[in-house]
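Fold and geometry: a report
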Amino acid sequence: MNYYSIDPKDHRYDNYVFFESDDDIGLVVRTQYSHLRCPVCKRMDTAKALELPCPAGVRIRGRHDLQQTHDGVYYCNSRTRQVLDDNGVSGIRYVQIPDQSDYYLIVPTWKCPIDRSQPGFEFVPPQCSKCGRFTEVYRFSRLTAMTLPEDPLVVFTPEISRESGSFTIITLLISEQVMKILKAGRVSGISFSKLAQTWPD
Ligand SMILES: [Zn+2]
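The shown structure was predicted, so the numbers you read here are calculated from the model rather than taken from an experiment. (Residues numbered from 1 in each chain as written. Predicted model: local features only at pLDDT ≥ 70, side-chain atom pairs only at ≥ 80, totals over all residues.)

Section: the nonpolar core
Formally: By convention the nonpolar core is taken to be a set of buried residues drawn from Ala, Val, Leu, Ile, Met, Phe, Trp, Tyr and Cys and joined through C-beta atoms within 7 Å. Exposure is read from a count of other C-beta atoms within 10 Å of each residue's own; the residue is exposed at 12 or fewer, buried at 20 or more and partly exposed in between. C-beta atoms are placed from the backbone. The numbering of helices and of strands both runs from the N terminus, where a helix is a DSSP run of H or I of at least 4 residues and a strand a run of E of at least 2. We call two residues in contact when their backbone-placed C-beta atoms lie within 7 Å.
One finds Tyr74, Tyr75, Leu105 and Val155 to be the most contacted residues of the largest nonpolar core, which totals 38 residues. Going through the elements one at a time, strand 1 (3-8), strand 5 (74-77), strand 7 (103-108), strand 14 (173-175) and helix 3 (176-184) are the ones with two or more residues in this core. Top element by residues in this core is strand 7. It accounts for four residues. Excluding its chain neighbours within four sequence positions, the residues that come into contact with Val155 are Val89, Gly91, Ile92, Pro108, Trp110, Leu172, Ile174 and Val178.

Here's what the structure looks like:
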């Protein structure tokens, strides 16, 4: 069985969940999430933040079916959710965007255990003295380092997230079977990258 990452295609809008723009000072964290920011490194605890309801004021611009916000969260429209639900795809939960009833944030619920002794990670210091996160984490998703879900219809995410600057970037991984479901459903806004077995290839 082959596995793939769901890669958002480039698009012209920088949508955000955890931040809003302030005309005077640029991006500011939404008040609903301010307590989830590390006081030292200022990074958002994305997993905890996604346990909360999506606040009013979050707006998705652009017309793709499935995409990712600039702060690392996947979202989709109700047509995409229907495609996934109709085919029994699981491993994710949907959070309604209150101002746009057609859109949902996608929260991965199946975290794939990773064998950290295998190569394929780069943790860029410094490590935050408070929350322990590194400034950047590059992760090269290789199948031999992962414990994959037995059910091919389960969407999953690696337990070690990619970190980039202020943001944790969620990655959704899928089996070839789920990729075919998304392609047959003509879900727009994404492409797919095949995961290699080992590192290096
Ligand atoms: Zn921190």
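Considerations on the sheet that holds strand 6 (residues 92-96)
Put simply, the rule reads: When DSSP locates at least two bridges between a pair of strands, those strands are taken to pair. Lines fitted to C-alpha atoms define the axes, with helix axes restricted to the stretch in contact, and inter-axis angles between N-to-C directions lie between 0 and 180 degrees.
The four strands are arranged 4-5-7-6 in an open sheet whose pairing can be described as antiparallel. Each edge of the sheet is formed by a strand with only one pairing partner; in this case those strands are strand 4 (66-68) and strand 6. Averaged over all pairs of adjacent strands, the angle between strand axes in this sheet comes to 35°, irrespective of strand direction. Pairing of strand 6 with strand 7 involves five bridges; the strand directions are antiparallel. Each residue of the ladder has a partner; that of Ile92, found in strand 7, is Pro108. Here helix 2 (residues 78-86) sits on the sheet in contact with strand 4, strand 5, strand 6 and strand 7, set at roughly 90° to strand 5.

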